[in-house]
Amino acid sequence: MEDAFVPSQQRQFSDADLDQITGSTFVKRVEFHQAIDSTNNRALEIARTAKHESPVLVLAGSQTHGRGRGSNSWWAQSGALTFSLLIKTDQAQLPPPLWPQVSLTTGLAVCEAIAELLSEPAIHLKWPNDVYVRQRKTCGILIESPPGHKGLLVIGIGINVNNSMRHAPAELRSSAIALCDANDKDLSLVEVLVRVLGRLNSRLADIGHRDADLRSSWRSRCLLTGRNVQFDSPTRSIIGLCRGIDDDGALVIETADKIERCYAGTITKF
Ligand code: BTN
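So, how was this worked out
- Residues numbered from 1 in each chain as written.
- Predicted model: local features only at pLDDT ≥ 70, side-chain atom pairs only at ≥ 80, totals over all residues.
- Heavy atoms only, no water.
- Core = buried A, V, L, I, M, F, W, Y, C linked by side-chain atoms within 4.5 Å.
- Buried < 20%, exposed > 50% of the residue type's maximum accessible area, 1.4 Å probe, protein only.
- Contact = heavy atoms within 4.5 Å.
- Salt bridge = Lys/Arg side-chain N within 4 Å of Asp/Glu carboxyl O.
- Helix = DSSP H or I, 4+ residues; strand = E, 2+ residues; numbered from the N terminus.
- Near = heavy atom within 4 Å.
- Polar contact = N/O pair within 3.5 Å; in protein donor to acceptor, adjacent residues only side chain to side chain.
- Areas by Shrake-Rupley, 256 points an atom, 1.4 Å probe, with all protein chains shown as cover.
- Nonpolar A, V, L, I, M, F, W, Y, C, P; charged D, E, K, R; others polar.

Student: Help me get a handle on the nonpolar core, residues and values and all.
Tutor: Ranked by size, the top nonpolar core spans 64 residues in total, and within it Ile 21, Leu 57, Leu 59, Leu 81 and Ile 157 carry the most contacts. Contact partners of Leu 81, with chain neighbours within four places excluded, come to Phe 13, Leu 59, Ile 157, Gly 158, Ile 159, Val 161, Leu 189, Val 192 and Leu 193. Ala 43, Ala 47, Val 58 and Leu 152 belong to the second-largest nonpolar core, a separate cluster that totals nine residues.

Student: Which residues make up the pattern of salt bridges, and what are the values?
Tutor: In the structure shown here, the tally under the stated rule is 23 salt bridges. Two residues, Arg 42 and Glu 45, come together in a salt bridge whose shortest N-O distance is 2.4 Å. Of this pair, Arg 42 and Glu 45 both sit in helix α2 (residues 39–47), three residues apart, which is roughly one turn of the helix. Residue Arg 42 is classed as buried on the basis of its relative accessible area of 17%. Here Asp 130 and Lys 137 are joined by a salt bridge, their closest N and O atoms 3.2 Å apart. According to the relative accessible area criterion, Asp 130 is buried, its value standing at 7%. Here the residues in one salt-bridge network are Glu 112, Glu 116, Arg 195, Arg 199, Arg 203, Asp 206, Arg 210 and Asp 213, joined through shared partners.

Student: Quick rundown of the site of the ligand? Include the residues and the values.
Tutor: As a matter of local geometry, the ligand sits amid 20 residues, with Ser 38, Gln 63, Arg 67, Arg 69 and Lys 137 nearest to it. Thr 39 has a polar side-chain atom sitting 3.0 Å from a nitrogen atom of the ligand. One nitrogen or oxygen atom from the main chain of Arg 69 is found 2.7 Å from an oxygen atom belonging to the ligand. Considered on its own, the ligand offers 420 Å² of accessible surface; in the complex 98% of this is hidden by protein. Secondary structure elements with two or more residues in the shell around the ligand: α2, β3 (81–88), β6 (136–144) and β7 (152–159). For the shell around the ligand, the leading source of residues is β6, giving four residues. In the shell around the ligand, the residues fall into five nonpolar, 11 polar and four charged.

Structure follows, in structure tokens:
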């Protein structure tokens, strides 16, 4: 896949930025695309090649067909940060039984990176892995395992950074926020990316080793605890009071007659 040539200084990420990423994070190779359909699609394509480093970072200036969880699409204007990490899970000491924790842990790592960058107390994790700032969504995460390639995971992350919602339609302004809106000025995209990668590296290493700390950190950032929520999956719909996140990552919902534990699905109302 060949991108049209754009001089380094005119791109969202210069050559120096790309060197900073490989020089100061756990990323072994970075592939930058000025525009691409979806960084997750490209990471899945790399996963099909016989030899590749780990982690590989696929980074995009913009995406034409960004994908979200389920059948959602992910639309982000210029100024957003969109990237995917392809990781070899044996190298990262993440055997398949630990994979269910990767989703919440990735969301937690993004929360913590944002907390380091902004003096902003209201940074929450909306189960399973959306990141909310001031009760509005700022980051979406899509984790996929490449079919037929055991031992690989693609972690796709989209963060609203400098794509301000100030001039967006009212509906979007009430549900989404960019970091620059909370910070009152733009942030350096490479600085945000390096922070997120740093937190992600250390939090993924905690899985299976510092689980008590991970669990209490998910719980303390949980946006839904104490709220009335609706959970939907292809097989069931549950309405009740959210009692928090269980040790195994399930969302716990108290209905009129019992306690339900929810795994794969989405919170559609809260
Ligand atoms: C969601 O909130 O539903 C998840 C959105 C995930 C979007 C990111 S942007 C980078 C990566 N590439 C994609 O096509 N999707 C993820």
